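Structure at a glance
One letter stands for each residue in the lines below.
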Number of protein chains: 2
Amino acid sequence: MPRYRLTLEYDGTGLAGWQRQATGVSVQALIEAAFEKFCQQQVAVVAAGRTDAGVHALAQVAHVDLSRLRDPEEIRNAINFHLRPARVAVLDVAQAPHEFHARFSATGRRYLYRIINRRAPLALDQDRAWAITRPLDAEAMHRGAQVLVGHHDFSSFRDAQCQAKSPMKTLDRLDVTRLGEEIAVRAEARSFLHHQVRNMVGTLKLVGEGKWTEMDMAKALAARNRSAAGQTAPAAGLYLSGVGYEPR
Amino acid sequence: MPRYRLTLEYDGTGLAGWQRQATGVSVQALIEAAFEKFCQQQVAVVAAGRTDAGVHALAQVAHVDLSRLRDPEEIRNAINFHLRPARVAVLDVAQAPHEFHARFSATGRRYLYRIINRRAPLALDQDRAWAITRPLDAEAMHRGAQVLVGHHDFSSFRDAQCQAKSPMKTLDRLDVTRLGEEIAVRAEARSFLHHQVRNMVGTLKLVGEGKWTEMDMAKALAARNRSAAGQTAPAAGLYLSGVGYEPR
């Protein structure tokens, strides 16, 4: 069975997240249903990152096996047609080797977290960013973020429901930049614990507000205890922005 | 009666445009209803630009007269509270002199038109941009746009329902730039004819596709006839991005 690699964009608003759920519509279910209509074949679509409910994707990667060879462009157009009017789009399709696995072959995941820092509520970015009214110091947040970069036990930033065997992760990048009223947090790692990015962002908010110093950040990390870190930032601000693989 | 100047952001999707309509919900009606709840007073809100149905605003300006002095911050917070859950937000409120008129005092209007130029349909930018699948040459579009800059008879880019007395307008700026798959058209003038920006963008698309040259653009302008220019670009890509006033 030929294997295909899909690059996907979606608006997670109102969806139950990537993975099929007993209740709610998942991105996976929408895409599998579109393939069924296209191929008259049941398929299983496997993604690099199982994004949570309300989380968006700029470039999620997934793979699927089809019963026969198809033109990648035909697949993309047909699946996009059958996905309508869902806010899920196939950006790209390419044939992939059998050993390619969207999740297990991934060597890097990138996330973007968007904060809009202003007094007024969000009209255009409702469900697309975290609205924080208190002024945030993005430079202080960036300095605080550097405490987390590297190989650490991230238990303080790990959701209770996280299924990873180990809390040890290597965070390659955690940059905080401001452009006008928008603050972007960019995170990069081979993989993340469940809610890790949102928990790091929720904790960086304390630094941005001036309530926490870099030292408090270091203490929270060292505590290896979820209750030592800040809140979980809302899902709406999070975007899976890219997945990396070893060059073939 | 004290006069207040409001700066507004809105997502025009599903709304009937700025102006009160017999059918459909307008931005004006939403804001006036919010003021009624706040002040127990009927008000008329006057905007700088009467955006069409589906058109967005990053910084629309409007004015309103209230029966008594109020704290600008209190007005902003109260109106934003009463606007919920509409995708309309008051960014800023300031007291204004009696002679300030959001529409007639305006000396410049800026619009942004967003095109996403890619094969895949839009997931995150559905209703927020014009999706054009055929590759566009943004540099050619920019050169074509320069033909329109200056003082001209813009009849070829004027909607049949335009109520302006004269088709003569001075276009101060029409820039086309590309960043990745996104093409931004930025237009600036003291004022525009009805549908002028959308008609200019729809015509520039012909240049971007290589179907039209700068010479064709000049001919379309010289024709002073709507049928000589290109299509009206969809409302969803248009954003009123700013309004200028003489410094006091």
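In this text, all values refer to a predicted model and were calculated from it rather than measured experimentally.

Below, the discussion takes up the overall build of chain A. Of regular secondary structure, chain A possesses five helices and 10 strands. A globule of 248 residues ought to have a C-alpha radius of gyration of about 18 Å, and chain A, at 19 Å, matches this closely. Each principal axis of the C-alpha atoms in chain A carries an extent, and together these give about 60 × 40 × 35 Å. Buried positions account for 55% of the 248 residues belonging to chain A. When contacts within chain A are restricted to residue pairs at least 6 apart in sequence, those whose partners lie at least 24 apart make up 70%. Taken as a whole, chain A presents about 11200 Å² of accessible surface, with 49% of it coming from carbon and sulfur.

Right, let's get into the interface of chain A and chain B. Facing 28 residues of chain A, the contacting portion of chain B comprises 28 residues. Summing the contributions of chain A and of chain B, the shared interface buries around 2100 Å²; its carbon and sulfur component is 48%. Here chain A is connected to chain B by six salt bridges. Here the side of chain A that touches chain B is composed, by residue class, of 15 nonpolar, four polar and nine charged.

Residue and element names in this part refer to chain A. Where helix H3 (residues 138–146) contacts helix H4 (residues 196–208), the two axes come as close as 8 Å, and the packing angle between them is 130°. Between H3 and H4, the angle is such that the two are oblique. Note on packing geometry: the crossing formed by H3 with H4 is right-handed. For the pair H3 and H4, the contacting residues are Ala140, Met141, Gly144 and Ala145 in the first and Leu204, Lys205, Val207 and Gly208 in the second. Grouping the amino acids of the contact of H3 with H4 by side-chain chemistry returns five nonpolar, two polar and one charged.

Further remarks concern the domain arrangement of chain A. Residue and element names in this part refer to chain A. Structurally, chain A comprises domain 1 (3–96) and domain 2 (108–245). Once you take the C-alpha centre of each, domain 1 and domain 2 turn out to be 27 Å apart. The interface is formed by 17 residues belonging to domain 1 together with 16 residues belonging to domain 2. Where aspartate 52 meets arginine 198, a salt bridge forms, and the shortest distance between an N and an O atom there is 3.6 Å. In this structure, the connection of domain 1 to domain 2 is made through 10 residue pairs in polar contact (both at pLDDT 80 or more). The leading source of residues in the side of domain 1 that touches domain 2 is strand E3 (residues 56–65), at six residues. Grouping the amino acids of the side of domain 1 that touches domain 2 by side-chain chemistry returns seven nonpolar, six polar and four charged.

Rules of the game
- Residues numbered from 1 in each chain as written.
- Chains lettered and ligands numbered in written order.
- Predicted model: local features only at pLDDT ≥ 70, side-chain atom pairs only at ≥ 80, totals over all residues.
- Heavy atoms only, no water.
- Helix = DSSP H or I, 4+ residues; strand = E, 2+ residues; numbered from the N terminus.
- Rg over C-alpha atoms; globule rule 2.2 N^0.38 Å.
- Buried < 20%, exposed > 50% of the residue type's maximum accessible area, 1.4 Å probe, protein only.
- Contact = heavy atoms within 4.5 Å.
- Areas by Shrake-Rupley, 256 points an atom, 1.4 Å probe, with all protein chains shown as cover.
- Buried area = accessible area lost by both parts, 1.4 Å probe.
- Salt bridge = Lys/Arg side-chain N within 4 Å of Asp/Glu carboxyl O.
- Nonpolar A, V, L, I, M, F, W, Y, C, P; charged D, E, K, R; others polar.
- Axes fitted to C-alpha atoms, helices over the stretch in contact; angles between N-to-C directions.
- Parallel < 35°, antiparallel > 145°, perpendicular 65-115°, else oblique.
- Left-handed = near helix turned anticlockwise from the far one by under 90°.
- Domains from an automatic or database assignment.
- Polar contact = N/O pair within 3.5 Å; in protein donor to acceptor, adjacent residues only side chain to side chain.

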